[in-house]
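# Examination of the molecular architecture
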Amino acid sequence: MPGYAIAHLHDVDVNAEIVEYLERIDSTLAPFGGRFLVHGGNQLSVEGPASAIAVVIEFPDYQAVQDWYRSPAYQAILPLRTENARGTAILAEDCGIDHIATDVLK
């Protein structure tokens, strides 16, 4: 099942460091099969900070997303984002096509 890197970012200071982060992130994703599902485009914040943006990156599986995040290539650029944006980043496993909301109660 796929794995995901999910970020909810706000107060992003679009400066030279963020530009460098954006220029370098794609090459960190490729070895792990990562691809953007949500990044930019139309987003409407209906709860939380109005300036927030969502980013979702899909990977072939949960192990791949963990390996990407911990990789030396990504760790090298991570401070470019964390020092210029506030937010939350989560690594998550796909819940499966047959999942229903009450499954989390089991």
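Our structure's up above, just so we're on the same page.
Fair warning: this is a prediction, and the values are worked out from it, not measured in the lab. (Residues numbered from 1 in each chain as written. Predicted model: local features only at pLDDT ≥ 70, side-chain atom pairs only at ≥ 80, totals over all residues. Heavy atoms only, no water.)

### Quick notes on the packing of helix α2 (residues 62-70) against helix α3 (residues 72-82)
- In the contact formed by α2 and α3, the axes pass within 5 Å of each other and the chain directions differ by 60°. On the basis of the axis angle, α2 is oblique to α3. Contacts between α2 and α3 pair Trp 68, Tyr 69 and Arg 70 from the former with Pro 72, Tyr 74, Gln 75 and Leu 78 from the latter.
- Residues that form the contact of α2 with α3 fall into these classes: five nonpolar, one polar and one charged. (Axes fitted to C-alpha atoms, helices over the stretch in contact; angles between N-to-C directions. Helix = DSSP H or I, 4+ residues; strand = E, 2+ residues; numbered from the N terminus. Parallel < 35°, antiparallel > 145°, perpendicular 65-115°, else oblique. Contact = heavy atoms within 4.5 Å. Nonpolar A, V, L, I, M, F, W, Y, C, P; charged D, E, K, R; others polar.)

### Points about the packing of aromatic side chains
- Using the criterion set out here, one finds five aromatic pairs in the structure.
- For the pair Trp 68 and Tyr 74, a centre-to-centre distance of 4.2 Å together with 40° between the ring planes defines the contact as tilted. Taken individually, Trp 68 and Tyr 74 each receive the classification buried, so the pair is uniform in this respect.
- Here the aromatic residues Tyr 21, Phe 59, Trp 68, Tyr 69 and Tyr 74 are joined through ring pairs into a cluster of three or more. (Phe/Tyr/Trp six-rings, centres within 6.5 Å; stacked < 30°, edge-to-face > 60°. Buried < 20%, exposed > 50% of the residue type's maximum accessible area, 1.4 Å probe, protein only.)

### Regarding unusual backbone geometry
- Although it is not a glycine, Asp 11 sits at a positive phi angle of roughly 55°.
- You can call Asp 11 partly exposed: its relative accessible area is 41%.

### Quick notes on the sheet that holds strand β1 (residues 3-10)
- Pairing within the open sheet is antiparallel, and its four strands lie in the order β2-β3-β1-β4. Of all strands in the sheet, those bounded by a partner on one side alone are β2 (35-39) and β4 (86-93). Along the sheet, successive strands turn relative to each other by an average axial angle of 15°, direction set aside.
- One ladder, built from eight bridges, connects β1 with β4; its direction is antiparallel. Among the inter-strand pairings, Gly 3 is bridged to a residue of β4, identified as Glu 93. (Pairing = 2+ DSSP bridges.)

### Side note on the environment of Ala 76
- Tracing the backbone shows Ala 76 in helix α3.
- Linking Ala 76 and Arg 24, residues 52 residues apart in sequence, is a C-alpha distance of 9.9 Å.

### As for helix α1 (residues 16-29)
- The first and last C-alpha atoms of α1 sit 21 Å apart over 14 residues, in line with the 20 Å expected at 1.5 Å per residue.
- Along its length, α1 shows its largest kink, about 30°, at Glu 23.
- When α1 is considered as a whole, its buried residues turn out to be Ile 18, Tyr 21, Ile 25, Thr 28 and Leu 29.
- On its buried side, α1 packs onto β2, β3 (53-59), α2 and α3.
- By the N-cap criterion, in which a side-chain oxygen at the helix start approaches the backbone nitrogen of a residue two or three places on, α1 is capped by Asn 15, the distance to Glu 17 being 2.8 Å. (Expected span 1.5 Å × (residues − 1). Bend = angle between axes of the 7 residues up to and from the residue. Polar contact = N/O pair within 3.5 Å; in protein donor to acceptor, adjacent residues only side chain to side chain.)

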